[in-house]
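Topology and contacts: notes
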Amino acid sequence: MKKILRLDQLTTKLSRRAMLGGAATAAVAIVQTAQGKTVQESVSITELLPDDPTKKVGTLAGEVGTRSSFEKVVKKPSDISSRSPLQDFYGIITPSDLHFERHHAGVPVIDPTKHELLIHGLVDKPLVFTVADLKRFPSVSRIAFLECSGNFRTGKETMSPQDICGLTSQSEWTGVKLSTLFREVGVKPSASWFLAEGGDAAVMTRSIPVKKGWDDAIIAYAQNGEALRPEQGYPVRLFLPGWEGNTSVKWLRRIELGDAPWHTREETSKYTESIKGGKIRQFSFDIDARSIITFPAYPKTVERGWIEIRGLAWSGRGKVARVEVSTDAGKSWQLATLQDPILDKAHTAFRYLWNWNGAETEIMSRVTDETGYIQPTFAQLIEARGPDGGYHFNPIAAWQIKSDGRVLNRPER
Amino acid sequence: MTFWVNFLPDSPDEARKDDGLYTQKPVVVGDTLPAAFGFGRTATQAEIARLDIDVRPDGKGLPAGEGKPAIGKVIFAQKCAACHGVGGVGGPNGSLVTTNDPAKKRPDKTIGNYWPYATTVFDYIRRAMPFSEPGSLTNEEVYNLTAYLLHANGIIDEKAVINAQTLPKVTMPAQTLFVPDDRKGGPEIK
């Protein structure tokens, strides 16, 4: 029996005759034949969609599951990144194949049996660990978000949550605590920073305070129950909960302990932001608290009546304390319901029931984290930092609800 | 480290048969992490040297060799200008040299007006450029290119020689602009 793996083209205009006849080609699909071969084939409407699924035996069990061919959820790639479709997600875990991507010289292919992690510098014993070695240490798992600090775009009404801030995703990360490895190599008390270096063609490097390594850094080899995806650093990456994504160096090959930061290009020329007085802020590690309504949001439309407003909120400094929603363009705010689990440094789902009377308005959310930080407006951020924008921009995002039910981003400038 | 030994009954029936197993306080096993697990192998000096390519602002990590702007200029035209523009200005992958183009609202962020340390120029070019052939340059070529880009940005003299001693001494125009992050959470927007 053949199994449809993926639809490549679906004929949208199906004539009634074709539907009844059942012979006409409805789609071009990637199909696994009974012999296990993968081929491209046209499939008829009856194969694709029987009139009555209770009258036709379905496809047999397979080696890997497939997303329903009725679901089209995709990342949005550019030359340097690919954005997560936040508006299509449910719950708080990002499916691994939809986790955002950002890399500086493409995704390398690394043989896990050859890959090694070297830890050296201000240590008693410089050591080399294979991936298998790393997996022998006591393991830890943690659900946490990962967000690129350059994750704000505006300027158009026709922007979705994916367009505005799709460079954030959440996974359960599994690996060994970096503190366990620090003990193993004997980090010297004089070490105050470490350099993390990737094994990609950018040989990406960031300087990280040693304290973060002792606190909660993970050398991760798994994501959502399976090995890391190549785009997420296969076979091993650094994972720094709550910190700007670039510091969680992927394809990690080396950690050097030192007594000063290295001032690499990624922490000087990039990932620094202009602030007031002509100054440039550096080593801005923490992700400030942020939230966004992911439904209703462009490109979806709404109907008058009850609407469950849904969204995500998170903070790099701890837990989400509360989320407020405004349905009157920010004049008044109501508490949203937070969905368990509310985890430290993790995307947290919120919802708010709203009975829309059909009048034009704007809806928006703002989060407060457990440090008492309240997500600012765009104007507050410009006021605090000056007009240059840049990294770590986390403003309240507003959706315009038009009387015909269209939902549009409210551009900030 | 604390281990919680937690036996949960499989069914309410089983729970009723409790012989103390289920109502017992969790057992705390104390710190059982060994001083070392003994996993991994000792790194040799040779393998550390092969991978340890980073360069710090104080010059630690700079290799032997030297470079001059005039030689770097020739290499740049051959290996870099296609992506970064003739003379390091314009180009599809961004300017590396500061210009005061009055047509631009804000000048491009470049080595001359945004990079705090000259050593980063050497470190970055050696590890990542040219983009199409990363890791292909010799240390000598990287020194020459670094010298050229510093000169093109008006930071060093045309006759300057760049090596492990002179590069850390170059003062970059943007160095005093950099301040460490002072956001701390709490109500203040920064």
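Each value, and the rule that gives it
Residues numbered from 1 in each chain as written. Chains lettered and ligands numbered in written order. Predicted model: local features only at pLDDT ≥ 70, side-chain atom pairs only at ≥ 80, totals over all residues. Heavy atoms only, no water. Helix = DSSP H or I, 4+ residues; strand = E, 2+ residues; numbered from the N terminus. Contact = heavy atoms within 4.5 Å. Areas by Shrake-Rupley, 256 points an atom, 1.4 Å probe, with all protein chains shown as cover. Rg over C-alpha atoms; globule rule 2.2 N^0.38 Å. Pairing = 2+ DSSP bridges. Axes fitted to C-alpha atoms, helices over the stretch in contact; angles between N-to-C directions. Buried area = accessible area lost by both parts, 1.4 Å probe. Salt bridge = Lys/Arg side-chain N within 4 Å of Asp/Glu carboxyl O. Polar contact = N/O pair within 3.5 Å; in protein donor to acceptor, adjacent residues only side chain to side chain. Buried < 20%, exposed > 50% of the residue type's maximum accessible area, 1.4 Å probe, protein only. Domains from an automatic or database assignment. Core = buried A, V, L, I, M, F, W, Y, C linked by side-chain atoms within 4.5 Å. 1 Å grid on protein atoms, 1.4 Å probe; cavity = no way out; pocket = protein on both sides within 12 Å on 5 of 7 lines; lining within 4 Å. Points joined across faces, edges and corners; volume = space filled by probe spheres on them.

The next subject is the overall build of chain B. What chain B contains, in helices and strands, is 7 helices and 4 strands. Mapped in sequence order, the helices and strands of chain B form the string α-β-α-β-α-α-α-α-α-β-β. At a minimum sequence separation of 6, the contacts of chain B that also span at least 24 residues come to 57%. Surface summary for chain B: the accessible area is close to 11,100 Å², and the carbon and sulfur share equals 57%.

With that settled, the discussion passes to the overall build of chain A. Within chain A, the regular secondary structure consists of 7 helices and 27 strands. For 413 residues, the compact-globule formula gives about 22 Å, and the C-alpha radius of gyration of chain A, at 24 Å, lands near that figure. Taken along its principal axes, the extent of the C-alpha atoms in chain A is 80 × 60 × 35 Å. When contacts within chain A are restricted to residue pairs at least 6 apart in sequence, long-range pairs at least 24 apart make up 68% of them. If you sum the accessible surface of chain A, you get close to 17,600 Å²; carbon and sulfur atoms cover 52% of it.

Spatially, β12(A)-β11(A)-β16(A)-β7(A)-β8(A)-β1(B) is the arrangement adopted by the 6 strands of the open sheet, whose pairing is mixed. Two strands in the sheet have a free side with no partner beyond their single neighbour: β12 (205-209) of chain A together with β1 (41-42) of chain B. The sheet contact formed by strand β11 (residues 193-198) of chain A and strand β16 (residues 252-258) of chain A spans 6 bridges and is antiparallel. When the sheet's bridge partners are listed, A196 of chain A is paired in β16 of chain A with I255 of chain A. Each of β7 (116-121), β8 (127-130), β11 and β16 of chain A is contacted by helix α5 (residues 178-185) of chain A, which is oriented at about 135° to β8 of chain A, the strand it contacts most.

Another aspect to go through is the interface of chain B and chain A. On the chain A side, the residues contacting the 48 residues of chain B number 63 residues. Regarding the contact of chain B and chain A, the summed buried area is about 4,600 Å², with carbon and sulfur atoms giving 55% of it. When residues of chain B are sorted by the area they lose upon contact with chain A, F39, R183 and I189 of chain B head the list and together hold 17% of the total. At the junction of chain B and chain A, the tally comes to 8 salt bridges. Ionic pairing is found between R254 of chain A and D52 of chain B, a salt bridge with its closest N-O pair at 3.2 Å. Inspection of the chain B/chain A interface yields 27 residue pairs in polar contact (both at pLDDT 80 or more). For the side of chain B that touches chain A, the secondary structure elements donating two or more residues are β1, α2 (45-51), α6 (119-128) and β4 (178-180) of chain B. When residues of the side of chain B that touches chain A are assigned to their parent elements, the largest contribution, 4 residues, is made by α6 of chain B.

It is worth spelling out α5 of chain A at this point. All names here are of chain A. Burial of α5 is extensive: 7 of the 8 residues sit out of reach of the surface. Buried residues of α5: L178, S179, T180, L181, F182, E184 and V185, and no others. Among the residues trailing α5, G186 stands out with phi positive, at a value near 70°.

What the domain assignment reports for chain A is domain 1 (3-55), domain 2 (81-281) and domain 3 (290-409). Averaged C-alpha coordinates put domain 1 of chain A and domain 2 of chain A at centres separated by 42 Å.

Quick look at the nonpolar core now. Residue and element names in this part refer to chain A. Counting 40 residues, the largest nonpolar core has I309, W354 and W399 as the members making the most contacts within it. Mapped onto this core, the elements with two or more residues apiece are α4 (161-165), β19 (290-295), β20 (305-314), β21 (320-326), β24 (348-356), β25 (361-369), α7 (378-385) and β26 (398-401). Residues contacting I309, with those up to four places away along its chain left out, are I293, F295, P296, V325, T327, F350, R351, Y352, W354 and I363. Within the second largest apolar cluster, 37 residues are counted, among which are L178, W193, W262 and F285.

Sizing a probe to match a water molecule and rolling it over the atoms shows the empty space that remains. All names here are of chain A. Taken as a whole, this structure holds 5 cavities of 30 Å³ or more when the rule is applied. The space that makes up the largest cavity amounts to roughly 200 Å³. Lining of the largest cavity is provided by 19 residues; of these, R102, G245, N246, S248 and K250 occupy positions nearest its centre. Empty space within the second largest cavity amounts to approximately 70 Å³.

Residue and element names in this part refer to chain A. Taken in spatial order, the 4 strands of this open sheet run β19-β20-β24-β23, and their pairing is antiparallel. Strands at the two margins of the open sheet, each flanked by one partner only, are β19 and β23 (337-338). Both β20 and β24 contribute to a ladder of 9 bridges, which runs antiparallel. Each residue of the ladder has a partner; that of A313, found in β24, is T348.

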